[in-house]
Amino acid sequence: MATFLEICQKVARESGTISGALPTAVTGQTGRLLKIVNWVADAWDEIQNDQSTWLWMRKEFSDVTVADTFKYSASDWSLTNFSRWVIDPLSVTMYLTATGVSDEGELKFITWEEWRIKYGRGTQDSGRPIEYTITPAEEFAVGPKPDAVYTINGEYFEDNETLAADGDTPNCPARFHNVIVWKALMKLAGSDEGGEQSKNFEALYKPLRFALERDQLPKISIASTATLA
């Protein structure tokens, strides 16, 4: 497991332009060391943005509704560093909290437009929610409005992690931290107009990046076409 500072130090060593255990911190740097710190932070940000479904950024949540309340923000459910909700089939379930998990069943996703027509107009009676949507404001909205306290279980994606302090650790699996090193070195070499050196770093980056994608992107599966006799 490598920290932000350790990654910056490795980038400095591998660049062939910095000697010694430098930088000694990620703050207070100038010149080339400042470039290295910035390129490492930028490289990690770009890697996180490259794919929208990195598995290490996918998290679970479990929280409760409030009677007669349709919509819930991420902060209502104490979700920090939130990016977006997961709306895959079977990804959201619900049960009457007083009854427990024996009551658990799937909530069906509908579009915001459908939700507005069904639940966003006129007088609405309370009941057991059977559907949900995501509003334009990224709120989680159920329908009908709850008539009691229900527990919602689901998933969401975190927003990008920012590397800022010496001890900050990238939250992807530690065995792939060198992806950040080679990406940062490619950017550093590019800023130096070092064409051949950039190609060398790219040759180190690509196989590890491929391994990261193979390990941390959802597996593609083929739906069964079998039918019951």
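Our structure is the block above this text.
Read on for an overview of the structure. Owing to the predicted nature of the structure, the values given are computational and were not obtained by experimental measurement.

Looking along the chain, the bond that leaves Gly-143 and enters Pro-144 is cis, with omega of -5°. A positive phi angle, close to 50°, is found at Asn-81, a residue other than glycine. As for its position among the elements, Asn-81 is in the loop between strand S2 (71–72) and strand S3 (82–85). Of note in the backbone geometry, Leu-90 takes a positive phi value of approximately 70° without being a glycine. With respect to the element layout, Leu-90 can be found in the loop between S3 and strand S4 (93–96).

So, on to the nonpolar core. Side chains of nonpolar character tend, in soluble globular proteins, to be buried together. In terms of nonpolar packing, the biggest core is built from 38 residues, with Val-11, Ile-36 and Val-40 touching the most fellow members. Secondary structure elements with two or more residues in this core: helix H1 (4–15), helix H2 (31–50), helix H4 (178–191) and helix H5 (195–216). Ranked by residues supplied to this core, first place goes to H4 with nine residues. The residues touching Val-11, leaving out its near neighbours within four places in the chain, are Ile-36, Val-40, Val-181, Ala-184 and Leu-185. Among the nonpolar cores identified, the runner-up in size contains 17 residues, and Phe-61, Leu-79, Val-92 and Val-142 belong to it.

Pairing within the open sheet is mixed, and its four strands lie in the order S2-S9-S8-S6. A strand with exactly one partner marks an edge of an open sheet, and here the two such strands are S2 and strand S6 (108–109). Contacts from helix H3 (residues 112–119) reach S2, strand S8 (131–134) and strand S9 (140–143) within the one sheet, and its direction differs from that of S8 by about 125°.

Mapped onto the fold, Ala-43 is located in helix H2. A relative accessible area of 0% places Ala-43 in the buried class. Spatially, the C-alpha atoms of Ala-43 and Lys-118 are 45 Å apart, while their sequence positions differ by 75 residues. Not counting chain neighbours up to four residues away, the residues in contact with Ala-43 comprise Ile-180, Lys-183, Ala-184 and Lys-187.

Another point: the pattern of salt bridges. Within this structure, the stated rule accounts for ten salt bridges. Residue Asp-50 pairs with Arg-209 through a salt bridge whose shortest N-O separation is 2.7 Å. Taken together, the residues span a long stretch of sequence, with Asp-50 in helix H2 and Arg-209 in helix H5 at a distance of 159 residues. Shared partners join several salt bridges into a network, and the residues in it are Glu-46, Lys-183 and Lys-187.

What follows covers the packing of aromatic side chains. The tally for this structure, following the rule as stated, stands at 16 aromatic pairs. Connected via pairs of aromatic rings, a cluster forms that spans Phe-61, Tyr-72, Trp-77, Phe-82, Trp-85, Phe-109, Tyr-132, Phe-140 and Tyr-156.

Moving on: the side chain of Glu-158. Position of Glu-158 among the secondary structure elements: in strand S11 (residues 150–158). Despite its burial, Glu-158 remains without a salt bridge, the nearest opposite charge being carried by Lys-59 at 4.3 Å. With sequence-adjacent residues up to four places away left out, Glu-158 is seen in contact with Trp-56, Met-57, Lys-59, Asn-81, Ser-83 and Asn-171.

Attention now goes to the packing of H1 against H2. Two numbers describe how H1 lies on H2: the axes approach to 9 Å, and their chain directions differ by 115°. Seen from above, H1 lies across H2 with right-handed handedness. Each of Phe-4, Ile-7, Cys-8, Val-11 and Ala-12 in H1 lies in contact with H2, whose residues at this interface are Ile-36, Val-37, Val-40 and Ala-41. Partitioning the contact of H1 with H2 into residue classes produces nine nonpolar, no polar and no charged.

Cut-off values and rules
- Residues numbered from 1 in each chain as written.
- Predicted model: local features only at pLDDT ≥ 70, side-chain atom pairs only at ≥ 80, totals over all residues.
- Heavy atoms only, no water.
- Helix = DSSP H or I, 4+ residues; strand = E, 2+ residues; numbered from the N terminus.
- Core = buried A, V, L, I, M, F, W, Y, C linked by side-chain atoms within 4.5 Å.
- Buried < 20%, exposed > 50% of the residue type's maximum accessible area, 1.4 Å probe, protein only.
- Contact = heavy atoms within 4.5 Å.
- Pairing = 2+ DSSP bridges.
- Axes fitted to C-alpha atoms, helices over the stretch in contact; angles between N-to-C directions.
- Salt bridge = Lys/Arg side-chain N within 4 Å of Asp/Glu carboxyl O.
- Phe/Tyr/Trp six-rings, centres within 6.5 Å; stacked < 30°, edge-to-face > 60°.
- Lys, Arg positive; Asp, Glu negative; His and termini not counted.
- Left-handed = near helix turned anticlockwise from the far one by under 90°.
- Nonpolar A, V, L, I, M, F, W, Y, C, P; charged D, E, K, R; others polar.

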